[in-house]
Amino acid sequence: MTNITAPRFTDADAAREHLEALHWPHGPVCPHCRSLNAKRLPEQRGRPSKAHPEGAIRKGLVQCNDCRKQFTVTVGTVFEDSKVPLHKWLLANHLMVASKKGVSAHQLHRMLGVTYKTAWFMAHRIREAMIDVQSGPMGGDGGVVEADETYIGNRKGKERGRGGFQHKMKVVSLVDRNTGASRSFRVGMVAQFTIGPILAANVSPEAFLMTDEHIIYKGLGWNFSGHGTVNHGKEEYVNRDKPHLHTNTIEGFFSVFKRGMKGVYQHCGEQHLQRYLREFDFRYTHRSGNGVDDTQRADIALMGIVGKRLTYRRTGNALV
């Protein structure tokens, strides 16, 4: 169990040292040319500004001996150029990964002592760090991959004559029973032409695909080593003759996801939904049931901060 009063959550220097230990275990690495030939510089005073008339003190500065550029451990990461103290970033990251259903920006705003707008932006940057960019196919060596779709959103504004789910946001998720990993995707329509490419890109042909009775999967199951179904419409949730035929694993994932979206975040614009999905995927994949504790989960997220710059565009309040 992590103590949130640990030095890295209360002191910017300790936070920087923690990041350096994670990203530079063998010494500083230049983010510009990847050289290991670098030297640490003494504290530097930056240019005068309104907030710091005499110039802010810059700590943790390193200079590359090859390309001659200066850098710190946050250069090239989602923390770069942030005015928020680094220890508050690490605390926000820990709170988000340690809370099973997430932490709202309002809660971060109150706990970190930053504005709501800053907390909202911090949360999105941290979600960006949670994206796993090195994932291979799920269900290799004949493992079982469960696939299912769900819908989120309220019923207000439903158009007359449209089905009960047509106005809602659509989500397709995959869960690998062997590894315990999940991957989720926002789709515009639940159909073979939208779900087929997702399965092809993320599920190994050797996998055994497990779904409910939805007709769209009948034309997709032949791409894999096998395809099992359960008929939820007839209240069949586990095949009595073959107990491994069920989708209870992914239903459990959806249960946590929906409770978090409804009880914690309450509202999510469709343009941001994919980032929220990555957040829930990250926590589920690296949950305690898979042998990962809160401290390890936080460090895994911090390892993902590199190369994922996310900036705020004032026009339209957009994240790009």
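Refer to the structure above for everything that follows.
Quick look at the packing of aromatic side chains
Then, in step 1: Under the counting rule described, the total for this entry stands at 8 aromatic pairs.
Then, in step 2: Each residue in the set F253, F254, F257, Y265, Y276, F280 and Y284 is aromatic and connected to the rest through ring pairs, giving one cluster.
Then, in step 3: Cation over ring: R283 sits above F280, and NZ or CZ is 4.8 Å from the ring centre.
Then, in step 4: Its end group placed over the ring of Y284, R287 keeps NZ or CZ at 3.9 Å from the ring centre.

Some thoughts on empty space enclosed by the protein
Then, in step 1: Evaluated as defined, the whole model comprises 1 cavity of 30 Å³ or more.
Then, in step 2: Of the voids in this model, the largest cavity is the one considered here, and its volume is about 40 Å³.
Then, in step 3: R8, F9, H18, L90, N93, H94, A298, D299 and L302 together form the lining of the largest cavity.
Then, in step 4: Secondary-structure elements contributing two or more residues to the lining of the largest cavity are α1 (7-10), α3 (86-98) and α9 (294-303).
Then, in step 5: Partitioning the lining of the largest cavity into residue classes produces 4 nonpolar, 3 polar and 2 charged.

Points about the pattern of salt bridges
Then, in step 1: Per the counting criterion, the structure on display carries 11 salt bridges.
Then, in step 2: Residue E279 pairs with R127 through a salt bridge whose shortest N-O separation is 2.6 Å. Here R127 lies in helix α5 (residues 116-129) and E279 lies in helix α8 (residues 273-285), a separation of 152 residues in the sequence. Like E279, the residue R127 is buried in the burial classification.
Then, in step 3: For E270, the salt bridge identified is with R186, shortest N-O distance 3.5 Å. Of this pair, E270 sits in the loop between α7 (248-265) and α8 while R186 sits in strand β8 (residues 182-187), and the two are 84 residues apart along the sequence.
Then, in step 4: Note on E270: relative accessible area 37%, which makes it partly exposed.

Rules behind the numbers
Residues numbered from 1 in each chain as written. Predicted model: local features only at pLDDT ≥ 70, side-chain atom pairs only at ≥ 80, totals over all residues. Heavy atoms only, no water. Phe/Tyr/Trp six-rings, centres within 6.5 Å; stacked < 30°, edge-to-face > 60°. Lys NZ or Arg CZ within 6 Å of the ring centre and 35° of its normal. 1 Å grid on protein atoms, 1.4 Å probe; cavity = no way out; pocket = protein on both sides within 12 Å on 5 of 7 lines; lining within 4 Å. Points joined across faces, edges and corners; volume = space filled by probe spheres on them. Helix = DSSP H or I, 4+ residues; strand = E, 2+ residues; numbered from the N terminus. Nonpolar A, V, L, I, M, F, W, Y, C, P; charged D, E, K, R; others polar. Salt bridge = Lys/Arg side-chain N within 4 Å of Asp/Glu carboxyl O. Buried < 20%, exposed > 50% of the residue type's maximum accessible area, 1.4 Å probe, protein only.

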